[in-house]
Amino acid sequence: MTMTAESLRRRCADEMSRTPRGFADATWLHEAFLSVPREHFVPDQVWWPALREDGLYSLIDRTERPRAWLKSVYQPGAALITQIDDGQVQPTGPAHGSFSSSISSSGVVVELLRHLDPGPTHRILEVGTGTGYTTALLACRAGAENVVTIEIDPQLAARASTRLAELGIHTPVITGDGELGHAAGGPYDRIVATASVRHIPPAWLQQLRPGGILLAPLDSPLGCDLLARLEADGNGSATGDFVAQVEFMRLRGQRERRSYAALGWPEKVDLERWQELRFDVGPTGQKISQPGSPCK
């Protein structure tokens, strides 16, 4: 059978449907995944995220290796690196450096949006546009006019806006600091961050409706990010828990390391019981608590 983007997309969807972290009962998400051409949003040159023996990341060039490029786009567990060192490294060959932007793996995107659980006509803010792929999936659910996406990198924002428009998706793509949110488009029913944070920016909570949901990867002392799902009270506070272990690139403004104690984490966290953690955040800061674990 001839390998096409459509056949690979369907095979990828079928594979994810058989996993506990896949589509589950989110029929809309399965339909959106099949209808949105992921390959449309992937740059022609991307880096594979695993180091080679020489300490470099391999570049996959669509013009030179079109089959390898397309297969990589639809590997459920593969993120593809679209930027290194904030764009200082050009995609001309194997490279090394710090990842600063990517198109998350299909599996991670599906899990993220399944937990977000947006509804039709929900107002949604996406922090971290990246390639625009996740934006397109959100637009399928809520309508392009109800989605606002913000990206700090002007070049990434411009490319994503163009790619979305080429598919007839005219979602506002804002170039700016995602930590500030976008008050002009709110209040929002859902806010989702596609970059991890060490602390929840107050603006996100202030821009959510009462009962609105914030989904954001939070840096943790467990050697991974934990995906926080918080419900807002409409007064700048929110409460929730963690729904998945994930790995995301850090929001640019929160790359600097800080002590976990200063960020509200308990002195000891039991890795085996991460799902029992409770997360409270508001104007006075954030607090992560675990039954039986004293907090500083």
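Residues numbered from 1 in each chain as written. Predicted model: local features only at pLDDT ≥ 70, side-chain atom pairs only at ≥ 80, totals over all residues. Heavy atoms only, no water.

S.K.: Requested: an account of the nonpolar core, with residues and values cited.
M.R.: In this structure, F33, Y74, L113 and Y133 are the most contacted members of the largest nonpolar core, which totals 46 residues. The set of elements that each furnish at least two residues to this core consists of α1 (5-17), α2 (27-35), α3 (66-73), α4 (106-116), α5 (133-142), α6 (154-166) and β11 (238-246). Here this core takes six residues from α5, the largest share from any one element. Among all residues touching F33, those that are not within four sequence positions of it are R9, C12, A13, M16, F23, Y74, S106, V110, Y133 and L137. (Core = buried A, V, L, I, M, F, W, Y, C linked by side-chain atoms within 4.5 Å. Buried < 20%, exposed > 50% of the residue type's maximum accessible area, 1.4 Å probe, protein only. Helix = DSSP H or I, 4+ residues; strand = E, 2+ residues; numbered from the N terminus. Contact = heavy atoms within 4.5 Å.)

S.K.: Tell me about the sheet that holds strand β6 (residues 147-151), and please be specific about residues and values.
M.R.: Sheet architecture is open: nine strands sit in the order β7-β6-β5-β8-β9-β10-β11-β12-β13, paired in mixed fashion. Across the chains shown, the open sheet's two edge strands, defined by having one partner strand only, are β7 (173-175) and β13 (285-289). The mean angle between the axes of side-by-side strands here comes to 20°, regardless of whether they run parallel or antiparallel. Bridge analysis of strand β12 (residues 278-282) against β13 gives five bridges, and the strand direction is antiparallel. (Pairing = 2+ DSSP bridges. Axes fitted to C-alpha atoms, helices over the stretch in contact; angles between N-to-C directions.)

S.K.: Describe the packing of α4 against α5, with residues and values.
M.R.: When two helices pack together, you describe them by how their axes are tilted relative to each other and by the distance separating the axes. The contact between α4 and α5 brings their axes to 11 Å, and the two run at 40°. By the angle class used here, α4 and α5 are oblique. Judged by the twist between their axes, the crossing of α4 over α5 is right-handed. Taking contact as the criterion, the partners of V109, L113 and L116 in α4 are, on α5, Y133, T134, L137 and L138. Looking at the contact of α4 with α5 residue by residue, the classes come out as six nonpolar, one polar and no charged. (Parallel < 35°, antiparallel > 145°, perpendicular 65-115°, else oblique. Left-handed = near helix turned anticlockwise from the far one by under 90°. Nonpolar A, V, L, I, M, F, W, Y, C, P; charged D, E, K, R; others polar.)

S.K.: Got a sec to walk through the side chain of S101? Specific residues and values, please.
M.R.: Position of S101 among the secondary structure elements: in strand β4 (residues 99-103). Not counting the four nearest positions on each side in its chain, S101 is found in contact with I81, T82, Q83, G130, L156 and M249.

S.K.: Break down unusual backbone geometry for me, with residues and values.
M.R.: For the bond running from G186 to P187, omega is 0°, close enough to zero to count as cis. Its place among the elements puts P187 in the loop between β7 and β8 (188-193). In this structure, D85 takes a positive phi of about 55° despite not being glycine. As for its placement among the helices and strands, D85 is situated in the loop between β3 (80-84) and β4. We classify D85 as partly exposed; its relative accessible area is 26%. A positive phi angle is found at D86, which is not glycine, with a value near 55°. On the secondary structure map, D86 appears in the loop between β3 and β4. Note on D86: relative accessible area 29%, which makes it partly exposed.

So far we have only geometry, and geometry alone does not tell us how the molecule works.
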